[in-house]
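# An overview of the molecular structure
Below are the chains, spelled out letter by letter.
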Amino acid sequence: MLAPIKFCAHCSQPVRQGVPVGDDRLRHICDACGAIHYQNPKVIAGCIPVYGERILLCRRAIEPRLGFWTLPAGFMELGETLAQAARREAQEEAQVEVELESLYTLFSLPHISQVYAFFLARMAEAKFAAGAESLEVRLFHEREIPWDELAFETVRRSLTLFFADRQRGQFIFREEDMEPDRSRFRPGQPA
Ligand code: ZN
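Throughout this document, residue positions are counted from 1 along each chain, in the order its sequence is written. pLDDT decides what is reported in this predicted model: residues at 70 or higher carry local features, side-chain atom pairs at 80 or more are listed and counted, and totals for whole chains, interfaces and linings draw on all residues regardless. Remark: hydrogens and water are excluded; side-chain values derive from all non-hydrogen atoms of the structure.

### Quick look at helix α2 (residues 153-168)
Our working definition: By definition, any uninterrupted DSSP run of H or I lasting at least four residues is a helix, any uninterrupted run of E lasting at least two residues is a strand, and each is numbered from the N terminus. The span one expects for a helix is its residue count, reduced by one, times 1.5 Å. Relative accessibility under 20% of the residue-type maximum defines a buried residue, over 50% an exposed one, and the middle range a partly exposed one, all with a 1.4 Å probe and only protein chains included.
Between the first and last C-alpha of α2 there are 23 Å, a value that for 16 residues agrees with the 22 Å anticipated at 1.5 Å per step. Turning to α2, its buried residues number three or more, namely E153, T154, V155, R156, S158, L159, L161, F162, F163 and D165.

Here it is, written out as structure tokens:
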């Protein structure tokens, strides 16, 4: 599970893999300066931007999943809150100002050490454009959602829950685990 590290970020000497005293997991250890290079999951923050009956999706201009549709989302930066990250990603990828309403879905993907969090969000106006990481940004009615061209299973699951909840008239927060077989790409789609 450890991402490869060859050299210590503090003193540039080679690191080795080992279990530090008092620990029970494999870490990268620098014997030269004593640094232990911990690796922890990454958090991806995003939102479902809603404008009237429609929701906003972005078509990815970057790998992975170039050309596929996604909700605006991305890795949290140091020093920002989850909500700030979600708003920033909406601004960067779709050039849209969103008002976050509530946290809606939270997914743990232990096989790739990622946590995804999506907020429900409101767009005050239909003002948006493709940011640097998007080829195209547009509003979709439920019947127009490109289900076969969604970039990630977390996006598919969030949208599925969203439309089901909207039908029932009640939005409920969900925290779920996502296994490798559920996030695997379906046959016929580019990997
Ligand atoms: Zn070192």
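### Examining the pattern of salt bridges
Using the following cut-off: We define a salt bridge as a contact between a side-chain nitrogen of Lys or Arg and a carboxyl oxygen of Asp or Glu at a distance within 4 Å.
What the rule picks out here adds up to 12 salt bridges. Ionic pairing is found between E144 and R138, a salt bridge with its closest N-O pair at 3.4 Å. Here the residues in one salt-bridge network are E80, R88, E89 and E92, joined through shared partners.

### Digging into the side chain of Q114
Applicable threshold: We call two residues in contact whenever any of their non-hydrogen atoms come within 4.5 Å of each other.
As for its position among the elements, Q114 is in strand β9 (residues 114-123). With residues up to four places along the chain from it excluded, the contact list for Q114 reads K42, I44, F75, F107, S108 and L109.

### Focus on the sheet that holds strand β2 (residues 27-29)
Counted only if it meets this: DSSP calls a pair of strands paired once it identifies at least 2 bridges connecting them.
A sheet is described by the order of its strands in space; here 3 strands give the open sequence β1-β2-β3, paired in antiparallel fashion. Edge positions in the sheet fall to β1 (16-18) and β3 (36-37), since each of these pairs with one other strand and no more. Alignment of β2 against β3, held across 2 bridges, turns out to be antiparallel. Its bridge partner being in β3, I29 is matched across the sheet by I36.

### Overview of the nonpolar core
Threshold: The definition of a nonpolar core used throughout is a set of buried Ala, Val, Leu, Ile, Met, Phe, Trp, Tyr and Cys residues joined through side-chain atoms within 4.5 Å.
Of all hydrophobic cores here, the largest spans 26 residues; its most connected members are I48, I55, L57, L71, L159 and F162. Setting aside chain neighbours within four positions, we find L159 in contact with I48, I55, L57, L71, I145, W147 and L150.

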